[in-house]
2 protein chains.
Amino acid sequence: MPQLGLLHGRAWTVFLGQLRRPPGAVCIRAVRSHSQVAEALFASQLKPQEKSNFIIKTPKGTRDLSPQQMVVREKILNVVVSCFKRHGAKGLDTPAFELKEILTEKYGEDSGLIYDLKDQGGELLSLRYDLTVPFARYLAMNKVKKMKRYHVGKVWRRESPTIVQGRYREFYQCDFDIAGQFDPMIPDAECLKIMCEILSELHLGDFLIKISWKDVRHEMVVKKGLAPEVADRIGDYVQCHGGISLVEQMFQDPRLSQNKQALEGLGDLKLLFEYLTVFGVAEKVSFDLSLARGLDYYTGVIYEAVLLQTPVHAEEEPLNVGSVAAGGRYDGLVGMFDPRGHKVPCVGLSIGVERIFSIVEQRMKTFGEKIRTTETQVFVATPQKNFLQERLKLIAELWDAGIKAELMYKNNPKLLPQLQYCENMGIPLVVIIGEQELKEGVIKLRSVPSREEVAIKRENLVAEVQKRLSES
Amino acid sequence: MPQLGLLHGRAWTVFLGQLRRPPGAVCIRAVRSHSQVAEALFASQLKPQEKSNFIIKTPKGTRDLSPQQMVVREKILNVVVSCFKRHGAKGLDTPAFELKEILTEKYGEDSGLIYDLKDQGGELLSLRYDLTVPFARYLAMNKVKKMKRYHVGKVWRRESPTIVQGRYREFYQCDFDIAGQFDPMIPDAECLKIMCEILSELHLGDFLIKISWKDVRHEMVVKKGLAPEVADRIGDYVQCHGGISLVEQMFQDPRLSQNKQALEGLGDLKLLFEYLTVFGVAEKVSFDLSLARGLDYYTGVIYEAVLLQTPVHAEEEPLNVGSVAAGGRYDGLVGMFDPRGHKVPCVGLSIGVERIFSIVEQRMKTFGEKIRTTETQVFVATPQKNFLQERLKLIAELWDAGIKAELMYKNNPKLLPQLQYCENMGIPLVVIIGEQELKEGVIKLRSVPSREEVAIKRENLVAEVQKRLSES
């Protein structure tokens, strides 16, 4: 609201300022928000304002997403969610916080990284640390035995933020999980197929999905009771990498093939690689035995996708981002929530979208790619004074036809700044009305890139604009 | 993973279980999530598990969104965001929590409803209470003078949840705001136009946007110094409702028209109604003087949209939801964050999407409308055994062509359950492969609604499916 004169502004406030509280009615949250803010600030203006000397910033490890970053994020999330939907997943959302006891004892040594809410007299709450535990809680709570769901949402972790590497305390996760008892390896293979589809569609360059496993010997001998000499035999293969040929090799080893447990395990792995071959993605997947580890356990295969060469292009700064997606099988989690411990086997994946944002943003910066922050198709302009009403009428026609349009919030803008705005914002088309056009009953359509202008009949505004937009 | 036999499962675990921690590499958040969960649960399985007697639920005032609710929400948010984009707004996102001091003293008596985070040794934080204060913080922090932005996100308030009326402690807000100094009433009129467009597109029935104001007399006489007798004259009109005709009436009142302040205020209001008339929405807006109030202040007009008749249809249970959108002008907020108090005038609106979710959900329940929870277009089926590989091959072709497809995670499913699944899930098309089809080099396309089947050439699978899907 302009300050045309002090009295004007005050009179305006006099006649129009108000805070409405409908007596006894259901409270209007939105207007309460705006109006309470106004109320509070007015009240604070009445007393001497103590300006505390704090810096205005976002909390440590968090950030605003600028309009440009929002466009990049939206594009990436659209690719991810489209793929999830292509594979028949249902959407799900859970609250940002859970009962503290739900999250307790689920994250091992990282439990100290959970954000707790203050005890304000009610339930003890914590911000969700991932989307997997809430999913397991949902399944147990609703006694769901089979579900294929995706979930895109923020999670929070009080880690040491490393901004360069794209690590924040608040970040998005994109999870796809299949819960339920099914025939072996089909859901697992589909998860790997999904990871391949998403990473290909995001054009991040060459990638590899590593399937790796733990310290076989310790697991087999100490936990599963496999004969030590058989374990040793498998250990010989630990130095190898490979795909289905490695598995074949292991099958042919006489000591392994005579061991029933070994055979069955190898059989499932062979099955997985067969399905991956049929899916056309086997060459993207590597069975990486060298990644065996110490005392940690899992209930099934874990996989992780890494980019093979960053940067994709030689001129780019190399970006060390580690993995961009990962997942695996976790058959025991839902049972932790069930009073009788009934298990619901699960397999899933998580797309590391924050890493992918970093990579895509970095790439766009390197190549000077310009990102439009609005989707505006048409700008309504005038070269003369006193044409506001005509501009408002024109723009309402465009909006009512679903066309994305803007105009300058000025009564009498000059033409050049209006055209300059279009160039800056990447708006492709201008609709110009002025005295001459009004007299002739036409509108000028001006192409911003080519600067060519053509006159069209006033009554054909929407049709002509739609035609022009569909041609480009 | 099936329990084909206890040994089988264990062998599988032996060969494939692992937790990978790449030495020194950037930590893989996603796999850590899955694997830490696995690690922790395995560790807890080793010791006797104490099942605490807590009920598995979401926190008070929060809820999961089921797949059906997600579909409804997605549809509604798409309408809202499309409208915001149509009007040239840029997207913005802010963190879920702010520094506590940012939110302090902005919400008046509702400050006690803010969720604080526990003091865990770092900054003191609170969950954001709305999207308006974060916006003002963003503007001040980045020294932005003009911006048109939309923001869709969750906010949190520790209110008494009233589930019937759709009030939760965690809920979505959809805000559109225009910040900046502009010529009078143009942005304000656009906000009202946006509210009308959204409410119309959501087909919620008849609605009215009330523009109301405070206790004029108190404001004018005590705060603005208007002569008491002029204030009394305006008071005479307080009982009236109306649109532009009421404003005209007030203009013609000799005592008002001779008062400079009164004239200026009425002038802006008249301007607003003129613009609303050009926009074609004036009949949806009512200037409601009877809603004057006591000591609360605002810097400009506040408006609120109410549905005129709920239920829209006579058979529905009446649903008392109050307002469905609201907004107004708040010129002093950004200045609270600026050390020198520089003001950035703002006007905006908030769509009450939670209320709208409730209404739409209620309506769908009343009318028994079925909502598909997946977008799957094609199901790949077989009537015979040993056709898994063929099904996997077919479905991969469909996925690679961007077609949304599913199959049963069974080696040898029976045909009837597969067809039943399609009927239950609303999947329109089935692709059937069996011995006969394999021999003849064809695929059967079966329409789920009509049950008609037609044979197509195997090599034309994708083209034929795409053709069939585009026809429906």
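Conventions and cut-offs
- Residues numbered from 1 in each chain as written.
- Chains lettered and ligands numbered in written order.
- Predicted model: local features only at pLDDT ≥ 70, side-chain atom pairs only at ≥ 80, totals over all residues.
- Heavy atoms only, no water.
- Helix = DSSP H or I, 4+ residues; strand = E, 2+ residues; numbered from the N terminus.
- Buried < 20%, exposed > 50% of the residue type's maximum accessible area, 1.4 Å probe, protein only.
- Contact = heavy atoms within 4.5 Å.
- Pairing = 2+ DSSP bridges.
- Axes fitted to C-alpha atoms, helices over the stretch in contact; angles between N-to-C directions.
- Core = buried A, V, L, I, M, F, W, Y, C linked by side-chain atoms within 4.5 Å.
- Patch = residues over 30% accessible without salt bridge, like charges linked within 9 Å, V, L, I, M, F, W, Y side chains within 5 Å.
- Areas by Shrake-Rupley, 256 points an atom, 1.4 Å probe, with all protein chains shown as cover.
- Salt bridge = Lys/Arg side-chain N within 4 Å of Asp/Glu carboxyl O.
- Lys, Arg positive; Asp, Glu negative; His and termini not counted.
- Charge placed at Lys NZ, Arg CZ, Asp CG, Glu CD.
- Polar contact = N/O pair within 3.5 Å; in protein donor to acceptor, adjacent residues only side chain to side chain.
- Phe/Tyr/Trp six-rings, centres within 6.5 Å; stacked < 30°, edge-to-face > 60°.
- Lys NZ or Arg CZ within 6 Å of the ring centre and 35° of its normal.
- Arc of directions from axis to C-beta.
- Parallel < 35°, antiparallel > 145°, perpendicular 65-115°, else oblique.
- Left-handed = near helix turned anticlockwise from the far one by under 90°.
- Nonpolar A, V, L, I, M, F, W, Y, C, P; charged D, E, K, R; others polar.
- pLDDT = per-residue confidence, 0-100.

Where an unreviewed UniProt entry is consulted, chain A appears under the name Histidyl-tRNA synthetase 2, mitochondrial, with the organism given as Ovis aries.

Turning to the overall build of chain A, a few remarks are in order. A count of helices and strands for chain A gives 17 helices and 16 strands. The burial tally for chain A puts 60% of its 472 residues in the buried class. Residue pairs in contact within chain A that sit at least 24 positions apart in sequence constitute 67% of those at least 6 positions apart.

What follows concerns the sheet that holds strand 13 (residues 405–407) of chain B. All names here are of chain B. If you walk across this open sheet you meet the five strands as 13-12-14-15-16, and the pairing is mixed. Each edge of the open sheet carries a strand with a single partner, namely strand 13 and strand 16 (453–457). Direction aside, the axes of adjacent strands within the sheet are offset by 30 degrees on average. Across four bridges, strand 12 (residues 378–381) lies against strand 14 (residues 429–432) in parallel orientation. When the sheet's bridge partners are listed, Ala 381 is paired in strand 14 with Ile 432. Where helix 14 (residues 388–400) meets the sheet, its contacts fall on strand 12, strand 13, strand 14 and strand 15 (442–447), and the angle it forms with strand 13 comes to roughly 165 degrees.

Turning next to the nonpolar core. Grouped together as the largest cluster of nonpolar side chains are 81 residues, with contacts concentrated most on Phe 84, Tyr 303 and Ile 351 of chain A together with Val 465 of chain B. In contact with Ile 351 of chain A, other than residues within four places in its own chain, are Val 80, Phe 84, Cys 174, Ile 198, Val 324, Ala 325 and Ile 356 of chain A. Counting residues in each nonpolar core, the second largest holds 80 residues, with Phe 387 of chain A together with Val 80, Phe 357 and Ile 359 of chain B among its members.

This part takes up a positive patch on the surface. A surface patch of positive charge is lined by Lys 146 of chain A together with Lys 385, Lys 410 and Lys 414 of chain B. Structurally, Lys 410 of chain B can be placed in the loop between strand 13 and helix 15 (415–425).

Moving on, we get to unusual backbone geometry. Residues and elements named next belong to chain A. In this structure, His 203 is a non-glycine residue whose phi angle is positive, near 50 degrees. Assignment of secondary structure puts His 203 in the loop between helix 6 (186–201) and strand 6 (207–212). Residues other than glycine seldom take positive phi values, yet Asn 386 does so here, at roughly 65 degrees. With respect to the helices and strands, Asn 386 occurs in the loop between strand 12 (378–381) and helix 14 (388–400). What makes Asn 386 exposed here is its relative accessible area of 65%.

Before going further, it helps to examine the environment of Arg 86 of chain A. Assignment of secondary structure puts Arg 86 of chain A in helix 3 (residues 67–86). Spatially, the C-alpha atom of Arg 86 of chain A lies 24 Å from that of Asp 130 of chain A, the residues being 44 residues apart in sequence. For Arg 86 of chain A, the contacting residues outside a window of four places in its chain are Glu 197 and Glu 201 of chain A together with Trp 399, Gly 402, Ile 403, Lys 404 and Ala 405 of chain B. Looking at Arg 86 of chain A, its side chain comes within polar contact range of the side chain of Glu 201 of chain A, at 3.0 Å.

As a further point, take the packing of aromatic side chains. The full count for this structure, using the stated rule, is 12 aromatic pairs over all chains. Taking 5.1 Å as the distance between ring centres and 50 degrees as the angle between the ring planes, the aromatic pair formed by Tyr 115 of chain A and Phe 97 of chain B counts as tilted. Of this pair, Tyr 115 of chain A sits in the loop between helix 4 (100–103) and strand 3 (125–127) while Phe 97 of chain B sits in strand 2 (residues 97–99), which puts the two residues in different chains. Residue class for Tyr 115 of chain A comes out buried when judged on its relative accessible area of 3%. The ring of Phe 135 of chain A carries the charged tip of Arg 149 of chain A above its face, separated from the ring centre by 4.1 Å. Against the face of Tyr 168 of chain B rests Arg 63 of chain B, its NZ or CZ located 4.2 Å from the ring centre.

As a further point, take the pairing of strand 10 (residues 323–329) of chain B. Residues and elements named next belong to chain B. Of all seven residues making up strand 10, seven are buried, and the element is well covered by its neighbours. Note that strand 9 (residues 302–307) and strand 10 share five bridges and pair antiparallel. When the sheet's bridge partners are listed, Tyr 303 is paired in strand 10 with Gly 327. Direction of pairing for strand 10 relative to strand 11 (residues 346–351): antiparallel, over a ladder of five bridges. Bridge pairing in strand 11 links Gly 327 to Leu 349.

The next thing to look at is helix 15 (residues 415–425) of chain A. What helix 15 of chain A keeps buried is the set Gln 418, Leu 419, Cys 422 and Met 425 of chain A. Down the axis of helix 15 of chain A, the smallest arc covering the buried residues is 135 degrees, so these residues share one side. Buried-residue contacts for helix 15 of chain A involve strand 12, strand 14 (429–432) and strand 15 (442–447) of chain A together with strand 1 (90–91) of chain B. Just beyond helix 15 of chain A, the residue with positive phi is Gly 426 of chain A, at close to 75 degrees.

Residues and elements named next belong to chain B. At a minimum axis distance of 10 Å, the contact between helix 3 (residues 67–86) and helix 13 (residues 353–366) shows a crossing angle of 125 degrees. When the axes of helix 3 and helix 13 are compared, the pair comes out oblique. With respect to the hand of their crossing, helix 3 and helix 13 are arranged in right-handed fashion. Contact residues: helix 3 offers Gln 69, Val 72, Arg 73, Ile 76, Leu 77 and Val 80, while helix 13 offers Val 353, Ile 356, Phe 357, Val 360, Glu 361 and Met 364. Of the residues contributing to the contact of helix 3 with helix 13, the split by class is nine nonpolar, one polar and two charged.

A few words on the confidence of the model for chain A. Residue and element names in this part refer to chain A. Looking at chain A as a whole, its pLDDT mean stands at 80, while 72% of the residues score no less than 70. The model gives residues 214–219 a pLDDT under 50, and that stretch makes 25 contacts with residues more than four places away or in other chains. In this model, residues 290–298 is a region of pLDDT below 50 whose contacts with residues beyond four sequence positions or in other chains number 40 contacts. Reported confidence for the predicted complex is 0.84 by ipTM and 0.85 by pTM.

Here the focus is the packing of helix 6 of chain A against helix 14 of chain B. Packing of helix 6 of chain A against helix 14 of chain B leaves a shortest axis separation of 12 Å and a crossing angle of 20 degrees. Judged by the inter-axis angle, helix 6 of chain A sits roughly parallel to helix 14 of chain B. For the pair helix 6 of chain A and helix 14 of chain B, the sense of crossing is right-handed. For the pair helix 6 of chain A and helix 14 of chain B, the contacting residues are Ile 186, Glu 190, Lys 193 and Glu 197 of chain A in the first and Leu 388, Leu 392, Trp 399 and Asp 400 of chain B in the second.

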